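One letter stands for each residue in the lines below.
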Number of protein chains: 2
Amino acid sequence: MNPYRNYAKTYRDELRTNVIPFWLKHAPDGEYGGFFTCLDRDGSVYDTEKHMWMQWRVVWMLSELHRKLEPDPVWLAQARQGFAFLTRYGKAADGSYYFSLGRDGTPFTAPYNIFSECFACMGSAAFFKASGDPQAAEEAQASYRRYIARGADPKGQWEKRLPGAPRWQPLSIPMIRINLSLVMAECLGDAGALEDAAEVAREVLARFRHPGSGLIFENIPAQGGFDLRSPTGRHLNPGHALESMWFVMLAARRSGQPDLISQAADVILATLESGWDQEHGGLYYFMDAEGRPHPELTWSMKLWWVHCEALIAALMAFQLSGRKEFWVWFEKLHHWTWQHYPDPAYGEWFGYLERNGRPASMLKGGKWKSFFHLPRMLLLCSEMLGELASGAEPQQNPIRPA
Amino acid sequence: MNPYRNYAKTYRDELRTNVIPFWLKHAPDGEYGGFFTCLDRDGSVYDTEKHMWMQWRVVWMLSELHRKLEPDPVWLAQARQGFAFLTRYGKAADGSYYFSLGRDGTPFTAPYNIFSECFACMGSAAFFKASGDPQAAEEAQASYRRYIARGADPKGQWEKRLPGAPRWQPLSIPMIRINLSLVMAECLGDAGALEDAAEVAREVLARFRHPGSGLIFENIPAQGGFDLRSPTGRHLNPGHALESMWFVMLAARRSGQPDLISQAADVILATLESGWDQEHGGLYYFMDAEGRPHPELTWSMKLWWVHCEALIAALMAFQLSGRKEFWVWFEKLHHWTWQHYPDPAYGEWFGYLERNGRPASMLKGGKWKSFFHLPRMLLLCSEMLGELASGAEPQQNPIRPA
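Our subject in this report is the structure included herewith.

### A look at the overall build of chain A
Of regular secondary structure, chain A possesses 13 helices and eleven strands. Out of the 402 residues belonging to chain A, those deemed buried represent 64%. For chain A, restricting intrachain contacts to residue pairs at least 6 apart in sequence, the fraction spanning at least 24 positions comes to 65%. A total accessible area of about 14500 Å² is found for chain A, and carbon and sulfur atoms account for 52% of it. Here chain A contributes 42 positively and 45 negatively charged side chains, and the mean placements of these two sets differ by 0 Å.

Rendered as structure tokens:
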């Protein structure tokens, strides 16, 4: 009996026979290019607006699947048409990416959001690695530079907070930088980017980890330390904490810094223990570090992406640390997740559950959910589980088969 | 047996012995002025930031209570110190109001939101009427003018949608204008403002009422008509629809246009029927007119203010139209509301319930909840119920005792 083998097959089959077919059937816009991502429960389109994060994520995922799951000319062709549509219509005069376009590519929403650059970089880099298209390498480099340049003042002219207000450093900026630098190292062979990833990973652990609780805080004061006097300073985002910690573990492993792996594993354990809903199961979306009211009404909802990131983090921590408690957590997360998210009637997974585990929305895709967290989790977990099943030592780079 | 009398006492007692004492005890900031509105379940302060909508609403409500419930020097003194704090620290160089201040009055958030002007106007006008302070009358007039001037481009420099995107007219702008014009007519004796209120009320019914469903839509295309191809065009907000309809009824009544009253009553009935959750009871927060996924995850939550506005709208429709179905709705709303919102342990009411009626947050006040919807509803309903109990014809102006 090898439990890993069954799990590996479950994750791979779900990706191959449920999630990929759903998106390939409903998402591509054969008339204008790009993708529909606002999909109702049955895959029908309820909005044709093209949100840039979501568009680029589809390009990234299809390129990754072509390279890592199996080569498929349809997936690569869809990534190619998406890349062409987005680079043709998506960029403002200053080179930054709009937040959204109309169906035909007309700019709808200003480039106020730095993470459009992030997903443009990921999508372009992965498409380059899959296709060899030199324009994609250039695009990846340009978006990577813009992401880093915008990091100091990410909101720019759209910043509503005034100079007299407390200034914060959000976790999201360095967290995403670790991931982008890993992508640039992997897809473009940029050795400096790998060094950058490891450096920022060390910084995130040193600065955002609260010494008392061992938890990663979402916002720390600009001058460093912690300030728990306001909801901003007490804000916890377990999904972000878990996702950032598996980015840290990858950076640590690829750059040979094992001490960061065990630190990240400790954070993952503390996050899972404090983020689990003892009454209904599942992980909270947001929390207040002192249990005061959280300003976001959705704080207690159960989101698919939080559980996807938790599965990756727990499994990676198990694979890299060997600590059994992470396998126990992986199985606990697995059971709750697979019991609540897959849609037995129309395929794919629900994204948003009420606290009690019942779907709060029937959408399969929207402004914030497309073909990304779920297929990435299924791909990464099936790879890690496959390695565990074969008894192999983890590969030097488990998400990049030689 | 006079059922109205018992209800009238219930509403008045709740206001007098529960809601007012809770806020007077916990909200005033005796050190810096203004009010704490971010109050935990027990009234303790979880954030000292001073959000302008919430601050001005407290000034408005205290002034109204002093004038309409009973004269109380403490309430008037608190309104006065709030008015002084907000006019001293709250205004940007161009005269518009910041969105939020720090505890000591330092500007924290830019004046991006036109509704800060709305609540400054309401608070100043009511405080003038209660106190006779001429500075308050000037402030009310200035904010009223600024609100109207900003209405054409409410977001100004903070607008993220680009010229190529579909352009919409939101209900909120004319809806609030009706209310502000009624307030200016009532508190400053501005006869032109009453004409304005009636004119805008007629326009709202003519333009925002969808002919098929009889429902008020939250967004209509800039050029008029309806466009149901996107979530924006299908967005329904039952609480706004109900609140705007009682504004319309007041404007109609004060300006002597009874046809508007019966039109508004029809909208109220259609809104209550379509907005009621058949499974758990209560009114939805948001809906999609075609039942497609709503982009806001909170769409199915049950918010205190929606139920407050529904109680006012149903009771006013009953009082003004005499149609029995509105009394049936008032009692149905009354039972669900009073069963779910009051906090038996610490007083005041919960603001945010999950769809199933269980509190989603324990806060009594926050960025969007302070001393406003609940006490306004208790005051208006106790007045209307008192009139019904005494068998009196509705007064010419039920919210303005001669």
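### Quick word on the relation of the copies chain A and chain B
One chain copy maps onto the other through a rotation about an axis and a shift parallel to that axis. With an RMSD of 0.0 Å, the fit of chain A onto chain B corresponds to turning through 180 degrees and sliding 0.0 Å along the axis. Given the turn and translation reported, the copies of this chain are related as if by a two-fold rotation axis. Taking the C-alpha atom as reference, chain A places Trp-158 of chain A closest to the rotation axis, 3.0 Å from it. The fraction of interface residues of chain A whose copies in chain B are also interface residues reaches 100%, indicating that both copies meet through the same surface.

### Examining the sheet that holds strand β3 (residues 50–51) of chain A
Residue and element names in this part refer to chain A. The strand order across the open sheet formed by three strands is β3-β4-β5, and the pairing between neighbours is antiparallel. In this open sheet, the two edge strands, each paired with only one partner strand, are β3 and β5 (107–109). In the sheet, strand β4 (residues 100–101) pairs with β5 via two bridges, with the strands oriented antiparallel. If you follow Leu-101 over to β5, its bridge partner there is Pro-107.

### A look at the interface of chain A and chain B
Listed by partner, the interface residues are 43 residues for chain A and 43 residues for chain B. Counting the surface lost from both chain A and chain B, the interface buries some 3600 Å², and carbon and sulfur atoms represent 54% of this. For the interface between chain A and chain B, the tally reads six salt bridges. In this assembly, chain A and chain B are joined by 18 residue pairs in polar contact (both at pLDDT 80 or more). Where the side of chain A that touches chain B is concerned, the elements lending two or more residues are β2 (45–47), β5 and α8 (231–234) of chain A. For the side of chain A that touches chain B, the residue count by class is 19 nonpolar, eleven polar and 13 charged.

### A short note on helix α5 (residues 134–150) of chain B
Residues and elements named next belong to chain B. For α5, spanning 17 residues, the distance from its first C-alpha to its last is 24 Å, which sits close to the expected 24 Å at 1.5 Å a residue. Looking at α5, one finds that the buried residues are Ala-136, Ala-137, Glu-139, Ala-140, Ala-142, Ser-143, Tyr-144, Arg-146, Tyr-147 and Arg-150. Turning to α5, the residues buried within the fold contact α3 (73–89), α4 (115–131), α6 (172–188) and α7 (191–208). Between a side-chain oxygen at the N-terminus of α5 and the backbone nitrogen of Gln-135 the separation is 2.8 Å; the capping residue is Asp-133.

### Brief notes about the sheet that holds strand β5 (residues 107–109) of chain B
Pairing is antiparallel in the open sheet, where three strands are placed in the order β3-β4-β5 (chain B). What marks the edges here is a single partner per strand, and that holds for β3 (50–51) and β5 of chain B.

### Looking at the environment of Val-267 of chain B
Residue and element names in this part refer to chain B. Assignment of secondary structure puts Val-267 in helix α10 (residues 258–275). Given the relative accessible area of 1%, Val-267 is considered buried. Taking the C-alpha atoms as reference points, Val-267 and Arg-209, separated by 58 residues in sequence, lie 8.0 Å from one another.

### A closer look at the packing of helix α9 (residues 238–254) of chain A against helix α10 (residues 258–275) of chain A
Residue and element names in this part refer to chain A. Two elements in contact, α9 and α10, have axes whose closest approach is 9 Å; the angle formed by their N-to-C orientations is 165 degrees. Comparing the axis directions of α9 and α10 gives the class roughly antiparallel. The way α9 lies across α10 gives a crossing that is left-handed. Within the contact between the two elements, α9 uses Pro-238, Ala-241, Leu-242, Met-245, Val-248, Met-249, Ala-252 and Arg-253 and α10 uses Leu-260, Ile-261, Ala-264, Val-267, Ile-268, Thr-271 and Leu-272. Class assignment of the residues belonging to the contact of α9 with α10 gives a composition of 13 nonpolar, one polar and one charged.

### Brief notes about the pattern of salt bridges
Residues and elements named next belong to chain A. In the structure shown here, the tally under the stated rule is 66 salt bridges over all chains. The residue Glu-70 makes a salt bridge to Arg-16 at a minimum N-O spacing of 2.9 Å. A residue pair is termed long-range when its members are at least 10 positions apart, and Glu-70 in the loop between α2 (52–68) and α3 (73–89) and Arg-16 in helix α1 (residues 3–26) qualify at 54 residues. Judged by relative accessible area, which is 26%, Arg-16 ranks as partly exposed. The partner of Glu-309 in a salt bridge is Arg-376, with the nearest N and O atoms 3.1 Å apart. Of this pair, Glu-309 sits in helix α11 (residues 304–321) while Arg-376 sits in helix α13 (residues 373–389), placing them 67 residues apart in sequence. The same class applies to Glu-309 and to Arg-376, which are both buried. A single salt-bridge network, built from bridges that share partners, covers Glu-64, Arg-67, Lys-68, Glu-186 and Arg-254.

Definitions and cut-offs
- Each chain carries its own residue numbering, running from 1 in the direction its sequence is written.
- Lettering of chains starts at A and numbering of ligands starts at 1, both following the order in which they are written.
- In keeping with the predicted nature of the model, local features appear solely for residues at pLDDT of at least 70, side-chain atom pairs appear and are counted solely at 80 or more, and the whole-chain, interface and lining totals rest on all residues.
- As a rule here, side-chain values come from all non-hydrogen atoms in the structure, and water together with hydrogens is ignored.
- Secondary structure elements follow DSSP: runs of H or I of four or more residues count as helices, runs of E of two or more count as strands, with numbering from the N terminus.
- When a residue's accessible area, from a 1.4 Å probe over protein chains only, is under 20% of the maximum for its type it is buried; when over 50% it is exposed; and in between it is partly exposed.
- In this description, contact between two residues means that some pair of their heavy atoms is separated by no more than 4.5 Å.
- Surface exposure here means Shrake-Rupley accessible area, sampled with a 1.4 Å probe, where a residue is shielded only by the protein chains that are shown.
- None of His or the chain ends enter the tally, which takes Lys and Arg as positive and Asp and Glu as negative.
- Charge positions are represented by NZ for Lys, CZ for Arg, CG for Asp and CD for Glu.
- The least-squares superposition of copies is restricted to C-alpha atoms, and to residues with a pLDDT of at least 70 in both copies.
- At least two bridges found by DSSP between two strands are what make those strands a pair.
- Summed over both partners, the accessible surface that disappears when two parts come together, traced with a 1.4 Å probe, is what is meant by buried area.
- Salt bridges, as used here, are contacts in which a Lys or Arg side-chain nitrogen is within 4 Å of a carboxyl oxygen on Asp or Glu.
- For this analysis, a polar contact is any N or O atom pair within 3.5 Å, provided that within protein one partner can donate a hydrogen and the other can accept it, and provided that sequence-adjacent residues contribute only side-chain to side-chain pairs.
- Each residue gets one of three labels, nonpolar for Ala, Val, Leu, Ile, Met, Phe, Trp, Tyr, Cys and Pro, charged for Asp, Glu, Lys and Arg, and polar for the others, Gly among them.
- Residue count minus one, scaled by 1.5 Å, sets the expected span of a helix.
- Orientation is described by lines fitted to C-alpha atoms, with helices fitted over the stretch in contact, and by angles between N-to-C directions that extend from 0 to 180 degrees.
- Here the angle decides the label: under 35 degrees means roughly parallel, over 145 means roughly antiparallel, 65 to 115 means roughly perpendicular, and every other value means oblique.
- By definition, turning the near helix anticlockwise from the far helix through less than a right angle yields a left-handed crossing, and turning it clockwise yields a right-handed one.

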